[in-house]
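Fold and contact review
What follows is the residue order along each chain.
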Amino acid sequence: MYALNDEQSLFAAQVRRMAAEKVAPRSAEIDKQGEFPWDLKKIFQDMGLLGLSVPEEYGGFSRGHIYLCLAVEEIARACVSSSLIVQVQSLGWEPILIGGSERLKKKYGPLVASGEKLVAFGLTEPSAGSDAAAMKSKAVRKGDRYILNGSKCFISNGPLADVITVFAMTDAAKGVRGISAFVVEKEFKGYSVSKWESKMGIKGSPTGELVFEDVEVPAESLVGEEGRGFVYAMQTLDTSRPVIASQAVGVAQGALDRAVKYAKERVQFGKPIAQFQGISWMLAEMATQVEAARALTYQAADMVDRKDPRTSYMSACCKMFASDVAMRVTTDALQIAGGYGYMTDFPFERMMRDAKITQIYEGTNQIMKLVISREMLK
Ligand code: CAA
């Protein structure tokens, strides 16, 4: 089992302290207004949290995948929307790190790590969700450029992104082996944001539809090799699913912390409800689930660093398990708070709404079962 060392524990404690002081007091307002918290983005960038997956030689502060997971977990404990700032910055950059040329890494690494540019990951399309390879976006080579046409939907932080890694077909006849990845900048002519989604949760993280109409992408902005885009996307998701699992662990822990506090303070039938076995056993079960999810997640994060051949399998396992735990624990936390839990004055209903997305994005949990079982049966 993976255990944190002193340096990692210290880092987690620093982020936890910052999140308690700066993020937690803003979380209800961020949800209510549905606004991207630029003030918190500035704090994260000053702490170096936007460069946790950018290696030093490309201007970042990467010390291992576990640091990214710890940062996202601690921020999500206070506010899931805010944790997406750190998570998506890494997700959008990862295909460049995995497949990109030295030139692309040196160009974009410092901009990503410093937070000067926000990055997004453009994979999903209206008819290509779980079946990501069914994308219709097309890029056709013309001299020293590609002409990109198509649209992407449900793109986290997409409406605000300065840079988007976009996946498109360069040779439809080759199917999944005809998909390539490109780095597109928001200034490129023909690029636009066509829709801001209205969502159930993570309301402080804008989600949108992006349109590409005859966008001229310089050939040097092709990521790696033509036809390798789908593999870069899958490898990116292998590294990113433990980060979603961390988000799930964070929101579950946050809801549990608040449920414990509520159960100790709330008096019914003459004593704090924590003293009733029905409640204390619920808390014990919630805690056990969170500990198990966290252990699985740290294990997967460590595998990413070691480039363990079982990374894909373990990333899917931890994402599926931790997100189910997040949903169960936030629901139980709300239940413990009863009528108060259902009211928007308390954080439980927000945490339950936010937890739900972790079972859906970066591959639904049904797709996680497909990935896990395929790996087992290989
Ligand atoms: N690593 C490397 N290569 C991989 C791979 C991996 N993990 N997974 C697949 N590949 C390769 C395969 O080896 C295969 O290569 P060859 O053609 O050379 O044999 C190729 O990719 C195709 O693989 P599959 O046949 O397995 O592909 P598939 O069409 O059956 O789909 C899938 C696989 C797992 C279902 C995939 O489509 C998938 O992950 N779907 C879910 C999509 C998803 O997670 N979207 C998330 C959007 S981003 C997001 O949500 C972010 C956010 O908002 C925060």
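What you are looking at is a predicted structure, and each value in this text was computed from that prediction instead of being measured.

Some details on the overall build of the protein chain
- For the protein chain, the helix and strand inventory stands at 12 helices and 10 strands.
- Against the globule reference of 21 Å for 378 residues, the protein chain gives a C-alpha radius of gyration of 21 Å, in line with a compact fold.
- If one aligns the C-alpha atoms of the protein chain with their principal axes, the spans along those axes are about 80 × 45 × 40 Å.
- The burial tally for the protein chain puts 56% of its 378 residues in the buried class.
- Long-range contacts, defined as pairs at least 24 residues apart, comprise 75% of the intrachain contacts of the protein chain with a sequence gap of at least 6.
- The protein chain carries 46 positive and 45 negative side-chain charges, and their two centres are separated by 2 Å.

Some points on the pairing of strand 4 (residues 163-169)
- Strand 4 sits mainly inside the fold: 7 of its 7 residues count as buried.
- Examined bridge by bridge, strand 1 (residues 119-122) and strand 4 share 4 bridges and lie parallel to one another. By the bridge assignment for strand 4, Phe121 is matched with Thr165.
- Judged from the 7 bridges that link them, strand 4 and strand 5 (residues 179-185) form a sheet pairing that is antiparallel. Bridge pairing in strand 5 places Thr165 opposite Val183.

Considerations on the site of the ligand
- Around the ligand sit 26 residues in total, of which Ser130, Ser156, Asp238, Glu362 and Arg374 are the nearest.
- In this structure, an oxygen atom belonging to the ligand sits 2.8 Å away from a side-chain N or O atom of Arg177.
- Between an oxygen atom of the ligand and a main-chain N or O atom of Gly363, the distance comes to 3.0 Å.
- According to the grid-proximity analysis, the pocket containing the ligand is the largest pocket.
- Broken down by secondary-structure element, the contributors of at least two residues to the shell around the ligand are helix 5 (80-99), helix 7 (229-265) and helix 12 (365-377).
- Ranked by residue count, the leading element in the shell around the ligand is helix 7, at 7 residues.
- The class makeup of the residues in the shell around the ligand is 13 nonpolar, 8 polar and 5 charged.

Some points on the side chain of Gln247
- The residue Gln247 is located in helix 7 in this model.
- Using a relative accessible area of 0% as the deciding quantity, one classes Gln247 as buried.
- In contact with Gln247, other than residues within four places in its own chain, are Val72, Ala76, Val80, Ser83, Leu84, Gln87, Thr358 and Tyr361.

A short note on helix 7
- If you check helix 7, its first and last C-alpha atoms are 53 Å apart, about what 37 residues at 1.5 Å a residue would give, namely 54 Å.
- Bending of helix 7 peaks at approximately 30° at the position of Thr239, with proline Pro242 no more than four residues after it.
- Among the 37 residues that make up helix 7, 28 are buried, leaving the element largely enclosed by the rest of the structure.

Focus: the packing of helix 9 (residues 311-336) against helix 12
- Interaxial distance between helix 9 and helix 12 falls to 9 Å at its minimum, and their mutual angle equals 145°. For helix 9 against helix 12, the interelement crossing comes out left-handed. Across from Ser312, Tyr313, Ala316, Cys317, Lys319, Met320, Ser323 and Asp324 in helix 9, the residues of helix 12 making contact are Asn365, Met368, Lys369, Val371, Ile372, Glu375 and Met376.

Side note on the domain arrangement of the protein chain
- You can read the domains of the protein chain as domain 1 (6-114), domain 2 (119-229) and domain 3 (233-376).
- Summarising the inter-unit geometry, the C-alpha centres of domain 1 and domain 2 are found 23 Å apart.
- The partner domain 2 presents 21 residues to the 25 residues of domain 1 that form the contact.
- Summed over both partners, the interface of domain 1 with domain 2 buries about 1,800 Å², with 67% contributed by carbon and sulfur atoms.
- Counting across the interface, domain 1 meets domain 2 through 2 salt bridges.
- The element contributing the most residues to the side of domain 1 that touches domain 2 is helix 5, with 12 residues.
- In terms of residue class, the side of domain 1 that touches domain 2 is built from 15 nonpolar, 6 polar and 4 charged.

A word on the pattern of salt bridges
- Evaluated as defined, the whole model comprises 23 salt bridges.
- Notably, a salt bridge pairs Lys174 with Asp171, separated by 3.7 Å at the nearest N-O pair.
- Residue Lys174 is classed as exposed on the basis of its relative accessible area, which comes to 54%.
- Arg294 is the partner of Glu291 in a salt bridge, and the nearest nitrogen-oxygen pair spans 3.5 Å. With a gap of 3 residues between them, Glu291 and Arg294 both fall in helix 8 (residues 277-306), about one helical turn apart.
- Here the salt bridges do not stand alone but share partners, grouping Arg16, Glu74, Arg77 and Asp257 into one network.

So, the layout of surface pockets
- Volume-wise, the largest pocket comes out at about 1,400 Å³.
- For the largest pocket, the lining is made up of 46 residues, of which Gly129, Leu237, Arg241, Glu362 and Gly363 are closest to its centre.
- For the lining of the largest pocket, the element with the most residues is helix 7, which contributes 7 residues.
- Here the residues of the lining of the largest pocket are counted per class, giving 23 nonpolar, 11 polar and 12 charged.
- One number sums up the size of the second largest pocket: a volume of about 550 Å³.
- As for the second largest pocket, its lining consists of 20 residues, and the residues nearest its centre are Glu94, Ile98, Thr239, Val304 and Lys307.
- Elements with a contribution of two residues or more to the lining of the second largest pocket: helix 4 (65-76), helix 5, helix 7, helix 8 and helix 9.

Calculation criteria
- Residues numbered from 1 in each chain as written.
- Predicted model: local features only at pLDDT ≥ 70, side-chain atom pairs only at ≥ 80, totals over all residues.
- Heavy atoms only, no water.
- Helix = DSSP H or I, 4+ residues; strand = E, 2+ residues; numbered from the N terminus.
- Rg over C-alpha atoms; globule rule 2.2 N^0.38 Å.
- Buried < 20%, exposed > 50% of the residue type's maximum accessible area, 1.4 Å probe, protein only.
- Contact = heavy atoms within 4.5 Å.
- Lys, Arg positive; Asp, Glu negative; His and termini not counted.
- Charge placed at Lys NZ, Arg CZ, Asp CG, Glu CD.
- Pairing = 2+ DSSP bridges.
- Near = heavy atom within 4 Å.
- Polar contact = N/O pair within 3.5 Å; in protein donor to acceptor, adjacent residues only side chain to side chain.
- 1 Å grid on protein atoms, 1.4 Å probe; cavity = no way out; pocket = protein on both sides within 12 Å on 5 of 7 lines; lining within 4 Å.
- Sits in = over half its atoms within 2 Å of the grid points.
- Nonpolar A, V, L, I, M, F, W, Y, C, P; charged D, E, K, R; others polar.
- Expected span 1.5 Å × (residues − 1).
- Bend = angle between axes of the 7 residues up to and from the residue.
- Axes fitted to C-alpha atoms, helices over the stretch in contact; angles between N-to-C directions.
- Left-handed = near helix turned anticlockwise from the far one by under 90°.
- Domains from an automatic or database assignment.
- Buried area = accessible area lost by both parts, 1.4 Å probe.
- Salt bridge = Lys/Arg side-chain N within 4 Å of Asp/Glu carboxyl O.
- Points joined across faces, edges and corners; volume = space filled by probe spheres on them.

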